[in-house]
Amino acid sequence: MRRFPPLLPDELIDRLGWTLLHFVWQGVALAMLLAALLVLMRHRPASSRYLVSCAALLAITLCPPLTLWSITPCLPDPVITRSSPPAEPNLPQPPSTSEIASLRDGSAARTASPFSVSLARPLLERLLPWLVFGWISGVVLLCLRLAGSSLVVYRLATRNTRPISGRLETRMREFARQMRIRRPVRLLASSRVHVPTVIGCVRAVILLPAAMLTGMPSQQIEALLAHELAHICRCD
């Protein structure tokens, strides 16, 4: 019988649901491990802590697909054997006294602990379709939110902006060369931002508030440019 909601095949719903349930403890374990490592590395350089954090994010990203792959059932290859005469059927033997006692003890144990794992698993399996449905709904909503935010960011980089040339652009090129940034970086003045802002990574854009260019010393503006270029260098 197909379960509600009928989004995907039952087999895929089961695999996705168990993957999400396993990801709960996997994410908690990785977060606790990262927190412990950051405490131990509090006296190490910031670049080292940054690499450890990136490695933790990569591990969290790889956990769901690896879990989904590991819980995928593998069907055995068909084995062709020669026909053989049918074996004589094994007639059931009457249970011995020890077997009767063990069965009696097992039934008593099941009666004493009704909330066992065998009872919790069917409940979780009934909740798996709703878990997958909620996860897919959240993914769709977050994708729509990301698309809207990307549109807003694109408008920031294309509207009410003007290129900055002269000494500031020259200093920015020098800083980028010292940081070994080989990607093209544009420097624009914008009337829609209030703080220095970096947009993009492959084709990065640095937006400086237009009022900052006239009301702040050039040394401070250059320090802000170096700070924004450091973000571009780390791709964050």
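Structure first, text after, so check above.
Within each chain, residues carry numbers counting from 1 in the order of the written sequence. Note on the predicted model: pLDDT of at least 70 is required for a residue's local features to be given, and 80 or more for side-chain atom pairs to be given and counted; whole-chain, interface and lining totals, by contrast, use all residues. Computation of side-chain values covers all heavy atoms of the structure but excludes hydrogens and water.

## Regarding the packing of helix 5 (residues 167–178) against helix 7 (residues 218–234)
Then step 1. Lines fitted to C-alpha atoms define the axes, with helix axes restricted to the stretch in contact, and inter-axis angles between N-to-C directions lie between 0 and 180 degrees. Helical segments are the DSSP runs of H or I of at least four residues, strand segments are the runs of E of at least two, and each set is numbered from the N terminus. Taken N-terminus to C-terminus, the directions of helix 5 and helix 7 make an angle of 40°; their axes are 10 Å apart at the nearest point. By the angle class used here, helix 5 and helix 7 are oblique. Relative to helix 7, helix 5 is oriented so that their crossing is right-handed. In this structure, helix 5 uses Arg167, Leu168, Arg171, Met172, Phe175 and Ala176 to contact helix 7, whose residues at the interface are Ser218, Ile221, Glu222, Leu225, Ala226 and Leu229. Geometric relationships in this document are graded by angle, where less than 35 degrees denotes roughly parallel, more than 145 denotes roughly antiparallel, 65 to 115 denotes roughly perpendicular, and other angles denote oblique. In a left-handed crossing the near helix is turned counterclockwise from the far helix by less than a right angle, and in a right-handed crossing that turn is clockwise. Whether two residues touch is decided by their heavy atoms; if any such pair falls within 4.5 Å, the residues are in contact.

## Quick word on the packing of helix 1 (residues 10–40) against helix 2 (residues 46–70)
Then step 1. With their axes 9 Å apart at the nearest point, helix 1 and helix 2 run at an angle of 165° to one another. By the angle between their axes, helix 1 is roughly antiparallel relative to helix 2. The hand of the helix 1/helix 2 crossing is right-handed. Counting all contacts with helix 1, which are made through Arg15, Leu16, Thr19, His22, Phe23, Gln26, Leu30, Leu34, Leu37 and Leu38, the residues of helix 2 involved are Arg49, Val52, Ser53, Ala56, Ala59, Ile60, Cys63, Pro64, Thr67 and Leu68.
Then step 2. Amino acid classes used here: Ala, Val, Leu, Ile, Met, Phe, Trp, Tyr, Cys and Pro are nonpolar; Asp, Glu, Lys and Arg are charged; the rest, including Gly, are polar. Taken together, the residues that form the contact of helix 1 with helix 2 break down as 13 nonpolar, five polar and two charged.

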